[in-house]
Amino acid sequence: QVQLVESGGGLVQAGGSLRLSCAALRRTNSRYAMGWFRQAPGKEREFVAAINWNGGSTYYADSVRGRFTISRDNAKNTVLLQMNSLKFEDTAVYYCAADTWGSGSAKKPTDYEYWGQGTQVTVSS
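Now for a description of the structure that goes with this document. (Residues numbered from 1 in each chain as written. Predicted model: local features only at pLDDT ≥ 70, side-chain atom pairs only at ≥ 80, totals over all residues. Heavy atoms only, no water.)

1. Structural notes on the side chain of Asp90
Now for step 1: Examined against the element boundaries, Asp90 turns out to sit in the loop between β8 (78–83) and β9 (92–99).
Now for step 2: Judged by relative accessible area, Asp90 falls into the buried class, the value being 0%.
Now for step 3: For Asp90, the side chain forms a polar contact with the side chain of Arg38, separated by 2.9 Å.
Now for step 4: Not counting the four nearest positions on each side in its chain, Asp90 is found in contact with Arg38, Arg67, Phe68, Ser85, Val121 and Val123. (Helix = DSSP H or I, 4+ residues; strand = E, 2+ residues; numbered from the N terminus. Buried < 20%, exposed > 50% of the residue type's maximum accessible area, 1.4 Å probe, protein only. Polar contact = N/O pair within 3.5 Å; in protein donor to acceptor, adjacent residues only side chain to side chain. Contact = heavy atoms within 4.5 Å.)

Shown next as structure tokens:
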């Protein structure tokens, strides 16, 4: 089992920045591809960003490319999502997820086996 715990969410003004962190507990995620998803009220969970096991490849949704950066520190079993130039429409619960079989390019929620509990990001306009 892989337990994922997100942190770093909060309230920020439009144009501001936040950094989300995802820590893997109990079992290392150093060989897993990792992803970030988000879900706004009344909407489906959507892909935000993903990273392969060694950080050599990253993938982004068009809506966040150039503003968000995903990275990982395998020594600390941590995946980060740096979010800059935040917009009102970025408001959502953000989830990290582990894909134990994939290469890091998966963009569907069903491709990921383990999920964190989510952290709320609210961007005020």
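And the narrative resumes.
2. Focus: the sheet that holds strand β1 (residues 3–7)
Now for step 1: Taken in spatial order, the four strands make up an open sheet running β1-β3-β8-β7, and their pairing is antiparallel. Each end of this open sheet is capped by a strand with a single partner; those strands are β1 and β7 (68–73). Taking each pair of neighbouring strands and ignoring which way they run, the sheet shows an average axis angle of 15°.
Now for step 2: Taken together, the six bridges between strand β3 (residues 18–25) and β8 define a ladder with antiparallel strand orientation. Each bridged residue has a counterpart across the sheet, and for Ala23 the counterpart in β8 is Thr78. (Pairing = 2+ DSSP bridges. Axes fitted to C-alpha atoms, helices over the stretch in contact; angles between N-to-C directions.)

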